[in-house]
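Listed below are the residues making up each chain.
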Amino acid sequence: MDDLLVMAHGVSKKFARRLRYAMSYGVVDIIRELAGKDRGAQLRRGEFWALKDVSLELRRGSGIGLIGPNGSGKTTFLRILSGLIKPDEGEALVRGRVAPLFALGAAFNPVLSGRENIYLNMAMLGLGEREIASSLDEVIDFAEIGDAIEAPLQTYSSGMTARLGFACAIMTSPDVVFIDEVLAVGDMRFRAKSYRKLAELRGRGAAVVVVSHSMNAILSMSDHVVYLRDGHVAASGPPTDVVSRYENDMSDVSSSISAHDQTLRSRSRNQAPLEVAIREVYLAQESGERLHEACAGRDAVLHVRYIASRTVDDLHFAVLVRNLSHGGELVLNLNSGRDAQPLRIDPGEGVLCLHFRPLVLGPGAYVAKVVLADATFYIFDALEEFRFLVRGEANMNECLVFQPRVWSARPVVSALLDHG
Amino acid sequence: MNERRYTPRSELREPLRLLCTAVRDLKAARYLAWRILVRDLSARYRQTLLGYLWIVIPPVAVALGMTLATRSQILRISETDLPYPAYLIFSMSLWQTFAEALAAPPSLIQKSRGVLARIYFPREALLIAGLGDVLVNFAVRVLLILSTFVLFDVSLAWGALLAVPVAAVLILLAYGLGLLVAPFASLYHDLSRAITIGLMIWLFFSPVLYPVPAADTVFGTLVRLNPVTPLLVTARELAIAAPLSMAANTALIALLSLIALGAGWLVCKVSMPFVIERLRA
């Protein structure tokens, strides 16, 4: 039990969205507290649970990741663990010195020198004068401030200020580190240094609670991930499992805007009959079985059912795919004509197929534009929006595309010979 | 290892534990309070020409204005036990310190909301530093008072040092009251405005610009009921070694000021998480 550093048991917190309620409840809460009465666990008018029944345990040297969409309660939870606000239900326990890496340089004063600011900031993080004096050089060194340490902070670049804030917080030899989207401080090199320092602290037994929207950061720093949604724990467990669950949920959200099975064309009768018309677009397996959603790294076939009134010798079948999860960025622009594979079709109904072997698109929501044209780019017909989803496997966290791959290792023969 | 436990329970239900954490926090706050005080003192006047002169300019300006007004017979003030300009400098310096001390806690919370909402540190440090700031300003004004007394040939005996504890009571009373309202003023900013206006009205009913009026008028009664009156009067009487006219009241108010300080500190400590919950950094 001794190595338990952070414990939360059934922690809940309620907030009122409207300022008017928030303020008057504030006065009521203070008066109740002063009267020695506990706050009720019931929601009052205008209140909602910003955090409901969250539990976790964090031991020496381990890391917990908190993920979830904006407003899911991650930061509120960190604020409770930091002792900034009190929980409305449950209990939280924190042992040892805490380094809140989400409040970098909050205590900085622009007209004071870098040195004065180090003293002030580190005193605020709980260090005494002697402790600060002994780690002063290390902080200046880590932050790469150099001689500028005697200059007022307002003459520093934003990078220098951020580095100094980070160095102050990390050099307090903390037992528990709280990170809230913060290692994006400084340039690449400094970031790498920060991660190394953090790893070193963990090696010495510090525990980490990290809140981030970067799944990369979450996966690299945590042994356990808690996924919060609307203040509730939606999932909690091994990082890769919880992160994929979260990523799948996120792509669901973006696709729910429109149903993806709405592919059947309905044409108004008074339109002129087309020489080649698209009837239906859908995804299927090679076996022909239709897919509700595609899977990254597996084979898939895009089917375009058409009806033609004449023979076309060099039909250009074009597919443009945009990633809806990434702001509609164009990710594929495929054209059978450009691939020197013009297709020949005869009058009547038929199916055009685009075989993805395998489908390399990463998990997310996509929209495809399907165009049928001839060599002069005379467009017979086009379907503007065919929406589809791609599901990811557990090992696709943070991957934009599926990379077919094989790993191996072997010694270099010549190197062996050199040593021999 | 230092351990902190956060529960929804009211801290007042376990007074013993509250006392323990209070003592621990106070001890932990000492060095930080010093750093904050150093920051505030060295930062405040760093981009100014007149620097610390700003502390003494208001009483001097008021003294000049009031003296000119009485000389031109527009205002008639009854005889004071000190030369009138010295009387004004002395009383205004004390009054300004009182007003500053009263307004300090709410404005401290407001000014430091960014740090308060983001870092946990013993909040006492902020409040102690604020008190230290008031004391430094007061010390500068004491220099002003001394030079005025020399200028107007007011004789000073060692007994004048006894005025210092009375001034301390004045400061503690104000600071205690400030602490009592600070959390509520942080929630409802109306209170901060009310404090500014209230202090102006309070000044009217305090013997700062005039001596204590006779008790047989409504105004005189009000001035005598004012808790600041005995403190101002006793401090002055001690400074010039005059017989004490309000000693009993001063003792009573000294007791009240200690209660106000204790209660204010408790209210501030207990209510801080609720205030911070509603502060947007």
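Quick summary incoming for the structure in this document. Just so you know, these numbers come straight off a predicted model, no measurement behind them.

## Regarding the overall build of chain B
Scanning chain B from N- to C-terminus turns up 10 helices and one strand. In terms of C-alpha radius of gyration, chain B reaches 21 Å, essentially the compact-globule figure of 19 Å for 281 residues. Principal-axis analysis of the C-alpha atoms places the extent of chain B at approximately 65 × 45 × 40 Å. Taken across its 281 residues, chain B has 50% of its residues classed as buried. Partitioning the contacts of chain B with sequence separation of at least 6, the portion at a separation of at least 24 is 74%. Taken as a whole, chain B presents about 13,600 Å² of accessible surface, with 70% of it coming from carbon and sulfur. Between the averaged position of the 25 positive side-chain charges in chain B and that of its 15 negative side-chain charges there is a distance of 9 Å.

## What to know about the sheet that holds strand E3 (residues 63-67) of chain A
Residue and element names in this part refer to chain A. Strand order in the open sheet formed by six strands is E5-E6-E7-E3-E8-E9, with mixed pairing between adjacent strands. Each having just a single partner strand, strand E5 (98-100) and strand E9 (232-237) make up the two edges of the open sheet. Adjacent strand axes in the sheet meet at a mean angle of 15 degrees when their direction is disregarded. As paired strands, E3 and strand E7 (residues 207-211) are joined by four bridges and run parallel to one another. Along E7, the bridge assignment pairs Ile64 with Val209. Running over the sheet, helix H2 (residues 74-81) touches E3, strand E6 (176-180), E7 and strand E8 (224-229) and is turned about 155 degrees from E6.

## Some details on unusual backbone geometry
Note that the residue after Arg357 of chain A, namely Pro358 of chain A, is joined by a cis bond; omega there is -10 degrees. With respect to the element layout, Pro358 of chain A can be found in the loop between strand E16 (348-356) and strand E17 (364-373). The backbone of Glu144 of chain A sits at a positive phi, close to 55 degrees, despite the residue not being glycine. Within the secondary structure, Glu144 of chain A is located in the loop between helix H4 (129-143) and helix H5 (158-170). Of note, Asp153 of chain B is a non-glycine position whose phi angle comes to about 60 degrees, a positive value. Take Asp153 of chain B: it is sitting in the loop between helix H5 (124-151) and helix H6 (163-187).

## Digging into the interface of chain A and chain B
Facing the 61 residues of chain A at the interface are 44 residues of chain B. At the boundary of chain A with chain B, total buried surface from both sides reaches about 4,700 Å², with 62% on carbon and sulfur atoms. Broken down residue by residue, the surface that chain A buries against chain B is led by Ile30, Leu84 and Met124 of chain A, which jointly contribute 15%. Across the salt bridge formed by Lys13 of chain A and Glu277 of chain B, the nearest N and O atoms sit 2.8 Å from each other. Taken together, the connections running from chain A to chain B amount to 13 residue pairs in polar contact (both at pLDDT 80 or more).

## A look at the packing of aromatic side chains
Two aromatic rings, taken as a pair, are described by how far apart their centres are and by the angle between their planes. As enumerated under the stated definition, the model contains 16 aromatic pairs over all chains in all. Taken together, a centroid distance of 5.4 Å and an interplanar angle of 80 degrees make the contact between Tyr378 of chain A and Phe380 of chain A edge-to-face. Ring centres of Trp95 of chain B and Phe98 of chain B lie 5.2 Å apart, and the angle between their planes is 35 degrees; on these two criteria the pair is classed as tilted. One end of the pair, Trp95 of chain B, and the other, Phe98 of chain B, are both in helix H3 (residues 84-111), three residues apart, so they sit about a helical turn from each other.

## Describing the sheet that holds strand E4 (residues 89-95) of chain A
Backbone hydrogen bonds hold the strands of a sheet together, and the pairing may be parallel or antiparallel. The sheet built from four strands is open, its strands ordered E2(A)-E1(A)-E4(A)-E1(B) with antiparallel pairing. Two strands close off the open sheet at either side, each with one partner strand: strand E2 (47-59) of chain A together with strand E1 (3-6) of chain B. Each strand of the sheet is rotated relative to its neighbour by a mean of 20 degrees, with strand direction disregarded. Sheet topology places E4 of chain A next to E1 of chain B; four bridges connect them, and they run antiparallel. When the bridges of E1 of chain B are listed, Leu93 of chain A appears paired with Arg5 of chain B. Running at roughly 120 degrees to strand E1 (residues 4-16) of chain A, H2 of chain A makes contact with E1, E2 and E4 of chain A together with E1 of chain B of the sheet.

## What about the pattern of salt bridges?
A full pass over the atoms with the stated rule returns 40 salt bridges over all chains. Across the salt bridge formed by Glu131 of chain A and Arg97 of chain A, the nearest N and O atoms sit 3.3 Å from each other. Taken together, the positions of Glu131 of chain A in helix H4 and Arg97 of chain A in the loop between E4 and E5 put the pair 34 residues apart, joining distant regions of the chain. Given the relative accessible area of 36%, Glu131 of chain A is considered partly exposed. Here the salt bridges share partners, and the residues they tie into one network are Lys13, Lys14, Asp29, Arg44, Glu47 and Asp88 of chain A together with Glu277 and Arg278 of chain B.

## A closer look at the environment of Arg298 of chain A
Residue and element names in this part refer to chain A. Within the fold, Arg298 resides in the loop between strand E11 (294-295) and strand E12 (300-308). A residue is classified by how much of its surface remains accessible, and Arg298, at 45% relative accessible area, is partly exposed. Expressed as a C-alpha distance, the spacing of Arg298 and Ser214, which sit 84 residues apart in the sequence, is 26 Å. Sequence-distant contacts of Arg298, defined by excluding residues within four places in its chain, comprise Phe356, Pro358, Leu359 and Glu393.

## What about the side chain of Ser91 of chain B?
Residues and elements named next belong to chain B. Position of Ser91 relative to the elements: it lies in helix H3. For Ser91, a relative accessible area of 1% translates into the label buried. With residues up to four places along the chain from it excluded, the contact list for Ser91 reads Pro207, Val208 and Leu232.

About the cut-offs
- Residues numbered from 1 in each chain as written.
- Chains lettered and ligands numbered in written order.
- Predicted model: local features only at pLDDT ≥ 70, side-chain atom pairs only at ≥ 80, totals over all residues.
- Heavy atoms only, no water.
- Helix = DSSP H or I, 4+ residues; strand = E, 2+ residues; numbered from the N terminus.
- Rg over C-alpha atoms; globule rule 2.2 N^0.38 Å.
- Buried < 20%, exposed > 50% of the residue type's maximum accessible area, 1.4 Å probe, protein only.
- Contact = heavy atoms within 4.5 Å.
- Areas by Shrake-Rupley, 256 points an atom, 1.4 Å probe, with all protein chains shown as cover.
- Lys, Arg positive; Asp, Glu negative; His and termini not counted.
- Charge placed at Lys NZ, Arg CZ, Asp CG, Glu CD.
- Pairing = 2+ DSSP bridges.
- Axes fitted to C-alpha atoms, helices over the stretch in contact; angles between N-to-C directions.
- Buried area = accessible area lost by both parts, 1.4 Å probe.
- Salt bridge = Lys/Arg side-chain N within 4 Å of Asp/Glu carboxyl O.
- Polar contact = N/O pair within 3.5 Å; in protein donor to acceptor, adjacent residues only side chain to side chain.
- Phe/Tyr/Trp six-rings, centres within 6.5 Å; stacked < 30°, edge-to-face > 60°.

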